[in-house]
Amino acid sequence: MKSIAQTLCLVTAITLPVSAQAENITLKLYAYGLKAGTISINGAENTAAYSVKGLLSPSRLLKTFKDVGYTGSAAGTIRKGAYFTRRYSGHARTGSRNSIVKMHWKGASPIVDRYSPERERRDYDITPSKQTGTKDLLTAAYITFKTVTRDDLCNITHDMFDGRRRSQISLNAPKISGDIAICTGSYKRIAGFSAHQMQKGVNFPFTMRYERQNDGTYRFQEFTSEATFGKIRAIRK
């Protein structure tokens, strides 16, 4: 479940004008063939700014095994089609970790305003201000799952920072057949992870499926991946 948390950790708002485009993305999440929960990613944007909110609600079955869940928000600016995080806050429960994070970005560098619970610095910890060029994980998830034009479909890399760990999502160029587009990619742990976490896995490949709409845009439909605990699948409702 940790990989889901690290890929989706979540959301605060920027005020956007009424003309902003909005998209509500709801996914059913499955692990081992069983429903694990529901993911909601709700974003709004105009040509200059965006905001996104995210939520992971565990299924009743999952709750009996692990206390997991996510809620949060992110907001930032858009310049020449690129997204830049300016504010992020999130509350993540992974079963082994319950954390609250608040950050803002000064230029290209993140500044951690709060990360609780606090702990003593460890030898694998990284310096937040040196993680330039990163965005929060929720913003990266929103960009990955939102409806886009053919020119903006996949073929992109996101460097991410969650307050302690740096990671990366890479999507290859799409393979299109008829109205279906398939994008392969990977989630990679970069730095700030313990040796035990790195031994459990560094690269996690995944596959995204999109469907062409009547207006020519491509709408996300399905995500499949191998995580540290097994295969996961997310299907759009």
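What you are looking at is a predicted structure, and each value in this text was computed from that prediction instead of being measured.

The rules behind each value
Residues numbered from 1 in each chain as written. Predicted model: local features only at pLDDT ≥ 70, side-chain atom pairs only at ≥ 80, totals over all residues. Heavy atoms only, no water. Core = buried A, V, L, I, M, F, W, Y, C linked by side-chain atoms within 4.5 Å. Buried < 20%, exposed > 50% of the residue type's maximum accessible area, 1.4 Å probe, protein only. Helix = DSSP H or I, 4+ residues; strand = E, 2+ residues; numbered from the N terminus. Salt bridge = Lys/Arg side-chain N within 4 Å of Asp/Glu carboxyl O. pLDDT = per-residue confidence, 0-100. Contact = heavy atoms within 4.5 Å. Pairing = 2+ DSSP bridges. Phe/Tyr/Trp six-rings, centres within 6.5 Å; stacked < 30°, edge-to-face > 60°. Patch = residues over 30% accessible without salt bridge, like charges linked within 9 Å, V, L, I, M, F, W, Y side chains within 5 Å. Areas by Shrake-Rupley, 256 points an atom, 1.4 Å probe, with all protein chains shown as cover. Polar contact = N/O pair within 3.5 Å; in protein donor to acceptor, adjacent residues only side chain to side chain.

A. Molecular detail of the nonpolar core. Ile 41, Phe 145, Leu 153, Met 208, Tyr 210 and Phe 223 are the most contacted members of the largest nonpolar core, which totals 51 residues. It is helix α3 (residues 137–145) that contributes the most residues to this core, 7 residues altogether.

B. Quick look at the pattern of salt bridges. On inspection of all chains with the given rule, the structure shows 8 salt bridges. A salt bridge links Arg 233 to Glu 222, with the nearest nitrogen and oxygen atoms 2.5 Å apart. Of this pair, Arg 233 sits in strand β14 (residues 230–236) while Glu 222 sits in strand β13 (residues 218–227), and the two are 11 residues apart along the sequence. On the accessibility criterion, Glu 222 (15% relative accessible area) is buried. If you follow the salt bridges from partner to partner, you end up with Arg 209, Glu 211, Glu 222 and Arg 233 in one network.

C. Fine view of the confidence of the model for the protein chain. Per-residue confidence for the protein chain gives a mean pLDDT of 90; residues scoring 70 or more make up 90%. Low pLDDT (under 50) marks residues 1–18, which in the prediction has 87 contacts with non-local residues, meaning those over four places away or in another chain.

D. Summary view of the pairing of strand β7 (residues 109–116). Relative to β7, strand β6 (residues 98–106) runs antiparallel, the two being bridged by 7 bridges. Directly across from Met 103, in β7, lies its bridge partner Val 112.

E. Spatial organisation of the packing of aromatic side chains. Using the criterion set out here, one finds 7 aromatic pairs in the structure. Aromatic pair Tyr 83 and Tyr 142: ring centres 6.4 Å apart, planes at 80°, arrangement edge-to-face. On the criterion of sequence distance, the pair formed by Tyr 83 in strand β5 (residues 82–94) and Tyr 142 in helix α3 is long-range, its members being 59 residues apart. Across this residue pair, the class does not change: Tyr 83 and Tyr 142 are buried. Their ring planes at 40° and their centres at 6.1 Å tell us that Tyr 187 and Phe 204 sit as a pair that is tilted. Of this pair, Tyr 187 sits in strand β11 (residues 180–191) while Phe 204 sits in strand β12 (residues 203–212), and the two are 17 residues apart along the sequence. Here the aromatic cluster, defined as three or more aromatic residues joined through ring pairs, consists of Phe 145, Phe 206, Tyr 210, Phe 220 and Phe 223.

F. Structural view of a nonpolar patch on the surface. Taken together, the side chains of Leu 34, Leu 61 and Phe 65 define a hydrophobic patch exposed on the protein surface, amounting to about 340 Å² of accessible area. Relative to the helices and strands, Phe 65 resides in the loop between α2 (60–63) and β4 (68–79). Overall, the relative accessible area of 66% leaves Phe 65 in the exposed class.

G. A look at the pairing of β5. One ladder, built from 12 bridges, connects β4 with β5; its direction is antiparallel. Paired with Gly 76 across the two strands is Thr 85, which belongs to β5. Linking β4 to β5, which pair antiparallel, is a turn of 2 residues; within it Lys 80 sits at a positive phi near 55°. Here β5 pairs with β6 via 7 bridges, running antiparallel. Opposite Gly 90, over in β6, you have Val 101 as the bridge partner.

H. The arrangement of α3 in detail. Burial within α3 is extensive, with 9 of its 9 residues counted as buried. Looking at α3, one finds that the buried residues are Leu 137, Leu 138, Thr 139, Ala 140, Ala 141, Tyr 142, Ile 143, Thr 144 and Phe 145. Here α3 starts with a cap whose side-chain oxygen sits 3.0 Å from the backbone nitrogen of Leu 138, and that cap is Asp 136.

I. The environment of Gly 37, seen in detail. In this fold, Gly 37 is placed in strand β2 (residues 34–45). Given the relative accessible area of 1%, Gly 37 is considered buried. Between the C-alpha atom of Gly 37 and that of Thr 71, which follows or precedes it by 34 residues, the distance is 13 Å. Here Gly 37 is in contact with Leu 27, Lys 28, Leu 29, Ser 57, Pro 58 and Ser 59, once residues within four sequence places are set aside.

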